[in-house]
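Residue-level structure breakdown
Each chain, written out:
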Amino acid sequence: MTSPKQHLTHVTLVVRDYDEAISYYTDKLNFDLIKDIDLGEGKRWVLVSPKNSQCQLVLGKAVGPEQEAAIGYQTGGRVFMFLHTTDFWATYGQMKTKDVVFKEEPREEPYGTVVVFEDLYGNLWDLLELK
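Only a predicted model underlies this, so the values are computations on that prediction, with no experimental measurement involved.

Okay, unusual backbone geometry next. The phi dihedral of Asn 30 is positive, around 65 degrees, even though this residue is not glycine. Residue position: Asn 30 is located in the loop between helix 1 (18-28) and strand 2 (32-40). By relative accessible area, which is 36% here, Asn 30 ends up partly exposed.

Right, here's the structure in full:
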């Protein structure tokens, strides 16, 4: 019996505010806004995605103290997301001109070129071009 094909489609990112998160991901990281649907009572279905990606981020506004405490710390301080690019230096340069906060200088690793950056909430990401 063959296993069914599977892939990730959505990952939820807890945010403080829908509009500031949309602005950051579309303006600073050049993501596409895929959907922004008002669900009523202050809730929205907001999806953003890197260009040409099958995986989308669900921007979920924090509700209550427990979720608010998770903003920027969803993985306990570890790198949370890995943003792959086919041209590291061009992507890195574009992000620098948009004042994305980098936590280190780019480095060469056996698997590729990588640099850690943080999003507007402090979540850590790897920008990565694989070899």
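Judged by nonpolar contacts, the single largest core of 29 residues is most densely connected at Tyr 25, Leu 57, Leu 59 and Phe 117. Sorting the residues of this core by element identifies strand 1 (10-15), helix 1, strand 3 (43-49), strand 4 (56-61), strand 5 (79-84), helix 3 (88-97), strand 8 (112-118) and strand 9 (124-130) as the ones contributing at least two each. For this core, the element with the most residues is helix 1, which contributes 5 residues. If sequence neighbours within four positions are ignored, Leu 57 has contacts with Val 11, Leu 13, Tyr 25, Phe 31, Val 46, Leu 47, Val 48, Met 81 and Trp 125.

It is worth spelling out the pattern of salt bridges at this point. Under the criterion given, the structure shown has 7 salt bridges. A salt bridge links Asp 32 to Lys 51, with the nearest nitrogen and oxygen atoms 2.4 Å apart. Separated by 19 residues along the polypeptide, Asp 32 in strand 2 and Lys 51 in the loop between strand 3 and strand 4 bring together distant segments of the chain. Judged by relative accessible area, which is 28%, Asp 32 ranks as partly exposed. The exposure class assigned to Lys 51 is partly exposed, which follows from its relative accessible area of 41%. What emerges from the salt-bridge pattern is a single network uniting Asp 19, Asp 36 and Arg 44.

Within this structure, the stated rule accounts for 10 aromatic pairs. Here the aromatic rings of Tyr 25 and Phe 31 are separated by 5.8 Å at their centres, their planes lie at 35 degrees, and the arrangement is tilted. Across the pair, exposure class does not vary: Tyr 25 and Phe 31 are buried alike. One aromatic cluster is present, formed by Tyr 24, Tyr 25, Phe 31, Phe 88, Trp 89, Tyr 92, Phe 102, Phe 117 and Trp 125 through successive ring pairs.

In this fold, Arg 78 is placed in the loop between helix 2 (64-70) and strand 5. As a C-alpha pair, Arg 78 and Lys 35 span 43 residues in sequence and 28 Å in three-dimensional space.

Looking now at the environment of Tyr 92. Here Tyr 92 is to be found in helix 3. With sequence-adjacent residues up to four places away left out, Tyr 92 is seen in contact with Phe 102, Glu 105, Pro 106, Val 115 and Leu 127.

Thresholds, definitions, all that
Residues numbered from 1 in each chain as written. Predicted model: local features only at pLDDT ≥ 70, side-chain atom pairs only at ≥ 80, totals over all residues. Heavy atoms only, no water. Helix = DSSP H or I, 4+ residues; strand = E, 2+ residues; numbered from the N terminus. Buried < 20%, exposed > 50% of the residue type's maximum accessible area, 1.4 Å probe, protein only. Core = buried A, V, L, I, M, F, W, Y, C linked by side-chain atoms within 4.5 Å. Contact = heavy atoms within 4.5 Å. Salt bridge = Lys/Arg side-chain N within 4 Å of Asp/Glu carboxyl O. Phe/Tyr/Trp six-rings, centres within 6.5 Å; stacked < 30°, edge-to-face > 60°.

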